[in-house]
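Examination of the molecular architecture
In case you want the letters, here they are:
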Amino acid sequence: MTFLNSAFALGNIVFEHSGTNRVINETWFTHVGVDELDPDKTFESEMKAALGTEDSPGVLDVYSSGLGWSTTSASPNSKVGYITLFPFQFALGGLELEKLRVQGDGVTMTWVSFPDGLFEKAFLGSNLVHEIGHWAGLFHTFTTQQEPGSCEGPGDYVRDTPVQAYAAHLKLSAFDTTCVAQDTCPNNPGSDAINNYMDYAPEACRTEFTPGQFKRMRDILSLYRDIET
Ligand SMILES: [Zn+2]
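Calculation notes
- Residues numbered from 1 in each chain as written.
- Predicted model: local features only at pLDDT ≥ 70, side-chain atom pairs only at ≥ 80, totals over all residues.
- Helix = DSSP H or I, 4+ residues; strand = E, 2+ residues; numbered from the N terminus.
- Expected span 1.5 Å × (residues − 1).
- Contact = placed C-beta atoms within 7 Å.
- Buried ≥ 20, exposed ≤ 12 C-beta atoms within 10 Å, placed from the backbone.
- Pairing = 2+ DSSP bridges.
- Axes fitted to C-alpha atoms, helices over the stretch in contact; angles between N-to-C directions.
- Domains from an automatic or database assignment.
- Nonpolar A, V, L, I, M, F, W, Y, C, P; charged D, E, K, R; others polar.

**A look at helix H7 (residues 211–224)**
- A rise of 1.5 Å per residue sets the reference length of H7, with its 14 residues, at 20 Å; its end C-alpha atoms lie 20 Å apart and thus fit the reference within 8%.
- If you follow the buried residues of H7, they end up packed against helix H4 (87–92).
- Of the residues trailing H7, Asp226 is marked for its positive phi of about 55 degrees.

In structure tokens, the structure reads:
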């Protein structure tokens, strides 16, 4: 909670811990979030139906599960974390998606991604910050509406993040701590946002949201998650 709240503090966004529920279920642990083991998300739905909290868009459920990670390695289809949908997708998607929000909103993380975990230098906690950024409506800093690698398009809809064509991790190792920014769109102002939580840079490099990202999150939390800002 300390790590989380310090990441969002400059935006005056504060999370309160309302409870932790520990459940032992090997099937959920191995299947949830692994596409080939839960293709139609049956196990994910079952887990969320059993463990999800109150039906309020402003309550954030964080699920910690396997997501394809064993104690020593990751399977080819492992994930670090994911959200179900963006908040505006639920809100604009009609009754079907509203049903999905009630049943399945939240952030699902692999247990190894939390601080003081298995991979000390690679997983420091900022993946949860990244996923909660999505939960609050942020896109990746390297998002465009054109094909990957393009510098054209509306990007992440945030004005003060530099235009970026590729995710940082395509050039850097997860254990890299040198944090040297690329400039994948040299004709646009600024280098790639290697320090930004919403890039895929090594975790040690990810230390900030921009004022524009905080504004977008506050607007979306207020509009689509009924949180007063
Ligand atoms: Zn992401």
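**What about the environment of Pro211?**
- Locating Pro211 in the fold gives a position in helix H7.
- Assessed through the 12 C-beta atoms surrounding it within 10 Å, Pro211 is described here as exposed.

**Here's the deal with unusual backbone geometry**
- The phi dihedral of Lys41 falls on the positive side, at around 60 degrees, and the residue is not glycine.
- One can find Lys41 in the loop between helix H2 (26–31) and helix H3 (42–51).
- A count of 17 C-beta atoms within 10 Å places Lys41 in the partly exposed class.
- Of note in the backbone geometry, Leu67 takes a positive phi value of approximately 50 degrees without being a glycine.
- By the element assignment, Leu67 lies in the loop between strand S1 (62–65) and strand S2 (81–83).

**Some details on the sheet that holds S1**
- Strand order in this open sheet of 3 strands is S1-S3-S2, and the pairing throughout is mixed. The sheet is open, and its two borders are formed by S1 and S2, each paired with just one other strand. Sheet twist, expressed as the mean angle between neighbouring strand axes with direction ignored, is 15 degrees.
- In this sheet, strand S3 (residues 107–110) lies alongside S2 in antiparallel orientation, the contact comprising 3 bridges. Note on S3: the bridge partner recorded for Ile83 is Val107.
- The strands touched by helix H6 (residues 126–135) within the sheet are S2 and S3, with S2 carrying the most contacts at an inclination of about 10 degrees.

**Here we look at the pairing of S1**
- Covered by surrounding structure in S1 are Tyr63 and Ser65 only, the residues Val62 and Ser64 on the alternate face being uncovered.
- Bridge count for S1 against S3 is 4 bridges, and the pairing is parallel. Its bridge partner being in S3, Tyr63 is matched across the sheet by Thr108.

**Here we look at the domain arrangement of the chain**
- You can read the domains of the chain as domain 1 (1–138) and domain 2 (140–208).
- Averaged C-alpha coordinates put domain 1 and domain 2 at centres separated by 23 Å.
- On the side of domain 2, 8 residues touch domain 1, which itself brings 11 residues to the contact.
- The element that contributes the greatest number of residues to the side of domain 1 that touches domain 2 is H6, accounting for 5 residues.
- Among the residues forming the side of domain 1 that touches domain 2, the class breakdown is 6 nonpolar, 4 polar and 1 charged.

**Details of H6**
- The buried fraction of H6 is high, at 9 of 10 residues.
- For H6, the set of buried residues is Ser126, Asn127, Leu128, Val129, His130, Glu131, Ile132, Gly133 and Trp135.
- Tucked inside the fold, the buried residues of H6 contact helix H1 (2–8), S2 and S3.
- A positive phi of about 105 degrees marks Gly137, the residue just after H6.

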